Every structure is written in C-alpha cells, then in structure tokens.
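If you want the building blocks of each chain, they are given just below.
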Amino acid sequence: MRVSVSTRIIADERNNYMSKFVIHGGGKIAGEVRISGMKNAATPLLAATLLTRERCVLRNVPKIRDVFRMLDILKGLGARVEWIEDHSLVIEAVSIDSGALLSDIVAAMRSSILLLGPLLVRAGEVEIPEPGGCIIGNRPIDTHLYALAELGATAVRKNGKYLFQAPKLLGAVIILPEFSVTATENVLMAACLAEGETVIKLAAAEPHVQDLVTFLQKMGAKISGSGTHTLVVEGVKELHGAEHTLIPDQIEIGTFAAAAAATRGSIEMYPVIPEHLDIILLKLRQIGVRCDIDGNRLRVQSEGGLRAFRLQAMPYPGFPTDLQAPFGVLATQCNGTTLIHDPLFEGRMGYVAELVKMGAGAIVADPHRVIITGPTPLYGQQIRSLDLRAGATLVIAGIVAEGETVIDDAEVIDRGYEDLDGRLRALGVKIDRVS
C-alpha cells in the first residue's frame, strides 16, 4: 500500500524517524511538474487566521512539515482545523488560549514567531520561547521586539522565553531597521487591529508578504502599499473570515529550474506567476538557459554550454537568499569562475563543503562569499542536508553526480518541499527514501 507524503511526514514526526535519500545520478531531468503553494506564504497565512473568530478557508496549502507543525500549534491553542480537500483547509479560531502554546514545536520552528502579532491582538499577552529553525546564521528577533514595542507592546526575556504584553495597541510610524520579512508580517497583522494608522517603512515586499496583504484585505483589513517598501494600515475593530488560494512557490520553481539547467534537462512547471520570477529568469538567461513563459506555465531548457555568473542575494525584488545555494550547484557546471555573495545570513555557505567532497572546485572566501570554478564533474558521496535549502541543493548535486549519493537527514527537506522524491522520480530521477 502506498503511503501519502502527508501521512509519512506525520508518522516520521511522531516517531522521530530519520531518513535518507539515495540517488543514482548522471541522468537528465525531463517532464512536467505542478508547483506547490508557497511554503513561505503558508505559515503567515495560517497565523493570520487567529485574527478572527470566523471561518477561514485556505486553498493550495502545501503538505509539508512546517505546515503540519503550525497546524498542531493552532489546534493546541484551541482552533478547529480540518482538511476539506487534498490541499484545502478550514480553520476556525472561535476561542483560543494563548497559555496553551506548544512550546516544544515553537522552539523548533523559526516561522512560529509569526504567532506573536495575532496572539497579542487576541489575548493581550503571550509567552513564547525563542524560535529555532534552520541553522543558517544568527537570526535574532530584535526587529520584532522593536516594531511591536512601537505599537505599545512590552517584552521581558527570562530563561529563554519572552513574555509579551499589549493591553492596547496604538498605530505608529515604524521604520524597520532591516528588510525583515517576518517582522514586516508580524507588525502588519498586529496593526490591522490596532487603534489608528500605522505606517511601516522599509517593509519587506516579497511575494509572500503581498499574499498575506491580499488575505488580510479579504478579511476586512485596510492596507495600502502592497508590493512596495512602505505599507499603510488603518486599524479596524474586527476582521472576518475569508477564503484564499496561496500563490505558487517561487523558491520551488527556482529549485526545479536550477536542477533542470544543471543536468542539461528540460522541465515545464505550472502554475507560475511570471512577475515573481523576473530576477531568477534573468539570471538563468544570462547563464545560457532557455526560459519560455506561456500564460502561467514556464519551460526551462538547458542544452549547450553554460556561462559562469555573479550573483548577490538581496531582498525582493532582488535575487532570493533561498535560491543562492541551488544556483551554487549550477555554478559547478558552468564554464568559468562564479562569485556568489549572500550578505543576509552568515551560515548559508555550509553546503559548499559538501559540494567539495563531491569534487566541486569551490572556495569559501568568507562567511558571505563563495568562488566556484567549473565545469567540474561531481561524484556520489555520503553527505548531510544541513538545512532546508542546502538539503534541496545537495539533492540537485546528487542528480548531477556520477554514481550513488546518500543524503542524510532527508526529513529536513520535508520542511519546505512536498513529496520532493516522488516528484523527482516522475521527472526521471533515480531517487529513493530510506527510513
């Protein structure tokens, strides 16, 4: 009997199973793949359902580990959660108990910080452990603390936990000290029900931030400036239930595109939102990869020689930090010397050591820069996932490599990619999961 990906992830979570991917590389990716709802949109949208007591319906929700963890947190708080279709959810948070927060899940999941804004609005007080997540560098929550304090919240840290209190939230002009996506989302959700007008300057403008704005507007929020770095929110007394379909995952699209390009393959992806992909497609074309868009479908094809490139991760509309690692593998198959610079996180280059084990010509110049010279053949090795995006990156490396590659800690990849191994098999990749 075939076990669905969602059932497998839940079982692995409860039984603390470890799993591996075993890849027999050397082939080309070819075929068609449906793109999941965006992982980085799912968690803030789930948190936003706490802002109303009414019924919310979310569609195109990816069945990934982070979503299941967030749903467990919502259920622990008292919300009713029900899957009504394969990727559609009903959430109804009529009454919630902020004291029932599942601290162990929160502590293991970085995006759980998104619960702060909604819980402060609903309960006026919340105690939350410092969130964890992937080890990609130092990610303090100072920007969250500052932004919520500007709305009137107070925070006290003790024994690894924060106690937030906000009997009343008042609108304010908030200049974020960095383009923080989650801080933008947190203060945005809190501001919707704060008294008066809130102006958020230097706000993040990523597609999933825009998706959250759209959902909040459907719930009755008054927000202007979506897609820009200044958001204006006029507080309302209450929000109502709404239905919303998540946008396709920009990072998943880029990951599959990098895999097809690195293997000299061809892939057609749907649905896509072309304007979310401008810098990604520009970079692929500069490298020598053919990219054709027809409506909401994208075809990526790589046949000839690939050119080395320069890449700097930047806040949207710049190149996404979550895609610099997959493009690092692509660089190993390009002619010449590639420089990749990721100023956002100092732990993002951990995957490079694993690529070097496989034969890549790469030097980490400093915690934020790597120099990769190619093309170099890669050879199968036993390697580790390290973090979510590095894990997906090393799957691509395993597909490119000659021989067998074993990737430990495959469950880390389940945090953000639904049934990645099954979908890759459908594209001709020889990949198996071993628990």
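For the structure given in this document, a descriptive report is provided here. In this text, all values refer to a predicted model and were calculated from it rather than measured experimentally. (Residues numbered from 1 in each chain as written. Predicted model: local features only at pLDDT ≥ 70, side-chain atom pairs only at ≥ 80, totals over all residues. Heavy atoms only, no water.)

## Quick look at the overall build of the chain
Within the chain one finds 14 helices and 23 strands. Against the globule reference of 22 Å for 435 residues, the chain gives a C-alpha radius of gyration of 21 Å, in line with a compact fold. By its C-alpha atoms, the chain is 60 × 45 × 45 Å across when sized along the principal axes. Within the chain, the proportion of its 435 residues that are buried is 56%. The contacts in the chain between residues at least 6 apart in sequence include a share of 74% that link residues at least 24 apart. In the chain, which carries 44 positive and 50 negative side-chain charges, the distance between the mean positions of the two groups comes to 2 Å. (Helix = DSSP H or I, 4+ residues; strand = E, 2+ residues; numbered from the N terminus. Rg over C-alpha atoms; globule rule 2.2 N^0.38 Å. Buried < 20%, exposed > 50% of the residue type's maximum accessible area, 1.4 Å probe, protein only. Contact = heavy atoms within 4.5 Å. Lys, Arg positive; Asp, Glu negative; His and termini not counted. Charge placed at Lys NZ, Arg CZ, Asp CG, Glu CD.)

## Concerning the side chain of Glu 418
Summarising the element assignment, Glu 418 is placed in the loop between strand E22 (404-408) and helix H14 (420-426). For the buried Glu 418, no salt bridge exists, and the shortest N-O distance to an oppositely charged side chain is 6.2 Å, to Arg 423. There is a polar contact of 2.9 Å between the side chain of Glu 418 and the side chain of His 87. (Salt bridge = Lys/Arg side-chain N within 4 Å of Asp/Glu carboxyl O. Polar contact = N/O pair within 3.5 Å; in protein donor to acceptor, adjacent residues only side chain to side chain.)

## Describing the pairing of strand E18 (residues 336-341)
Two strands pair when backbone bridges link them, and strand E17 (residues 310-312) and E18 are joined in this way by three bridges, in the parallel orientation. Within E18, the position partnered with Arg 310 by the bridge is Leu 339. Following the chain from E17 across helix H11 (residues 324-331) to the adjacent parallel E18, one finds a crossover that is right-handed. As judged from the six bridges shared by E18 and strand E20 (residues 369-374), these two strands associate in the antiparallel manner. The partner of His 341 across the bridge, within E20, is Arg 369. (Pairing = 2+ DSSP bridges. Right-handed = clockwise from strand over helix to strand, strands pointing away.)

## Side note on helix H3 (residues 65-77)
Taking 1.5 Å per residue as the helical rise, H3 with its 13 residues ought to reach 18 Å, and the 19 Å between its terminal C-alpha atoms agrees with that figure. When you tally the buried positions in H3, you get ten out of 13 residues, the bulk of the element. Those residues of H3 lying buried are Arg 65, Asp 66, Val 67, Phe 68, Arg 69, Met 70, Leu 71, Ile 73, Leu 74 and Leu 77. Directly beyond the C-terminal end of H3, a positive phi value near 115 degrees is found at Gly 78. (Expected span 1.5 Å × (residues − 1).)

## Points about the sheet that holds strand E21 (residues 382-384)
One open sheet accounts for four strands, arranged E21-E22-E1-E23; its pairing is mixed. The open sheet has two edge strands, E21 and strand E23 (430-434), and neither has a second partner. Sheet twist, expressed as the average angle between the axes of neighbouring strands with direction ignored, equals 20 degrees. Sheet strands in contact with helix H13 (residues 388-400) are strand E1 (20-24), E21, E22 and E23, and its direction is about 30 degrees off that of E1. (Axes fitted to C-alpha atoms, helices over the stretch in contact; angles between N-to-C directions.)

## Looking at the side chain of Glu 411
For Glu 411, the position within the fold is in the loop between E22 and H14. For Glu 411, the side chain forms a polar contact with the main-chain nitrogen of Ser 19, separated by 2.9 Å.

## Some remarks on the sheet that holds strand E4 (residues 80-85)
Spatial strand order, E4-E5-E3-E13: four strands in an open sheet with mixed pairing. Strand pairing shows two members of the sheet lacking a second neighbour, E4 and strand E13 (243-245), which therefore form its edges. Across the sheet, the axes of successive neighbouring strands diverge by a mean angle of 20 degrees, strand direction being ignored. Where strand E3 (residues 55-59) lies against strand E5 (residues 88-92), four bridges are found, and the strand directions are antiparallel. The residue bridging Val 57 from the neighbouring strand is Val 90, located in E5. Set on the sheet, helix H8 (residues 207-218) makes contact with E3 and E13; between it and E13 the angle comes to about 160 degrees.

## A short note on the environment of Ser 302
One can find Ser 302 in the loop between strand E16 (297-301) and E17. Judged by relative accessible area, Ser 302 falls into the buried class, the value being 1%. Taking the C-alpha atoms as reference points, Ser 302 and Cys 291, eleven residues apart in sequence, are found 8.9 Å from one another. Excluding its chain neighbours within four sequence positions, the residues that come into contact with Ser 302 are Ala 260, Ala 261, Arg 264, Gly 265 and Val 289. A distance of 3.1 Å separates a polar side-chain atom of Ser 302 from the backbone oxygen of Ala 261.

## A look at the pattern of salt bridges
Inspection of every chain in the model, using the stated rule, returns 23 salt bridges. The closest approach of N and O atoms between Asp 414 and Arg 65, which form a salt bridge, is 3.7 Å. Of the two residues, Asp 414 is situated in the loop between E22 and H14 and Arg 65 in helix H3; the sequence distance between them amounts to 349 residues. The same class applies to Asp 414 and to Arg 65, which are both buried.

## Thoughts on the nonpolar core
Leu 216, Met 269, Phe 327, Val 395 and Leu 424 are the most contacted members of the largest nonpolar core, which has 139 residues in total. Excluding residues that lie within four positions of it along the chain, Leu 216 makes contacts with Ala 48, Leu 51, Leu 188, Met 189, Cys 192, Ala 221 and Ile 223. (Core = buried A, V, L, I, M, F, W, Y, C linked by side-chain atoms within 4.5 Å.)

## Regarding unusual backbone geometry
A cis amide bond, omega -10 degrees, links Tyr 270 with the succeeding residue Pro 271. Following the sequence through the fold, Pro 271 ends up in the loop between strand E14 (266-270) and helix H10 (278-287). Despite not being glycine, Arg 264 has its phi angle at roughly 55 degrees, a positive value. With respect to the helices and strands, Arg 264 occurs in the loop between helix H9 (250-262) and E14. On the accessibility criterion, Arg 264 (24% relative accessible area) is partly exposed. Unusually for a residue other than glycine, Leu 386 sits at a positive phi of about 70 degrees.

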